[in-house]
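Here is what each chain is made of, one letter per residue.
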Amino acid sequence: ASGGSIYRVQSDSASNFIIRKEGVGDRLVINSAGNATFTGNITVGDSHFIGNDSFDNLLLQSSSGENLNLSSANDVIFYTGGTAPGALGTQRLRIFNSDGSATFAGDITTNGDIIIDNSSGDPFLKLKTSAQEYVIRVDQSDSEKFQIRDVTNSLTRITLDTSGNVGIGTTSPASKLHIKTSVD
């Protein structure tokens, strides 16, 4: 077998079925419980890929470039556009395990409701550009008031209280429409 690879098929004392490549080590181990351990990547059909990316994260990849990456940090990341084995493409969705937050690239479209539920803090929606940041929130520390807050300038611009009073420039509207002027 000059120039060729030598593979050995064997069973060990623990009743494991093993395929080894000479000089490399175990390539496939099936233990007595039926669990399989592969060394390397798996191609399913002609082009679907199960393996590792360059950071040793689990990568599930289709031939059309939709890729799911389960990272070693317990994050779940969805990519599109990477069709070569191990090529991820563009990150479209990331769910962070540490705090449960999600990052999206592109538009979010739904045929149902979007629910932001935070019973231990202020539920909010952040709108941000490189120069300006706003949040739309329910301020639980201030009588459950609905607010539009200018985070960049640390100002609450609009407040709607539970009585239906609307305040512009004030967080304590005293009437149905209360506009704070410089003399208030």
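Shown above is the structure to which this text applies.
Values in this document were obtained by computation on a predicted structure and should not be read as measured data.

Draft legend 1. Main features of the pattern of salt bridges. Tallying each qualifying case throughout the model produces 5 salt bridges. Notably, a salt bridge pairs Lys 126 with Glu 133, separated by 3.4 Å at the nearest N-O pair. Between Arg 137 and Asp 139 there is a salt bridge, with its nearest N and O atoms 3.2 Å apart. Each member of the pair, Arg 137 as well as Asp 139, is classed as buried. Overlapping salt bridges, with partners in common, bring together Asp 122, Arg 137 and Asp 139 in one network.

Draft legend 2. Quick peek at the sheet that holds strand E14 (residues 145-150). The strand order across the open sheet built from 6 strands is E12-E13-E14-E15-E16-E17, with neighbouring strands paired in mixed fashion. Single-partner strands in this sheet number two, and they are strand E12 (124-128) and strand E17 (177-179). Pairs of neighbouring strands in the sheet enclose a mean axial angle of 15°, with direction left out of account. Direction of pairing for E12 relative to strand E13 (residues 133-139): antiparallel, over a ladder of 5 bridges. Directly across from Phe 124, in E13, lies its bridge partner Arg 137.

Procedures and definitions
- Residues numbered from 1 in each chain as written.
- Predicted model: local features only at pLDDT ≥ 70, side-chain atom pairs only at ≥ 80, totals over all residues.
- Heavy atoms only, no water.
- Salt bridge = Lys/Arg side-chain N within 4 Å of Asp/Glu carboxyl O.
- Buried < 20%, exposed > 50% of the residue type's maximum accessible area, 1.4 Å probe, protein only.
- Pairing = 2+ DSSP bridges.
- Helix = DSSP H or I, 4+ residues; strand = E, 2+ residues; numbered from the N terminus.
- Axes fitted to C-alpha atoms, helices over the stretch in contact; angles between N-to-C directions.

None of this, on its own, says anything about what the molecule does.
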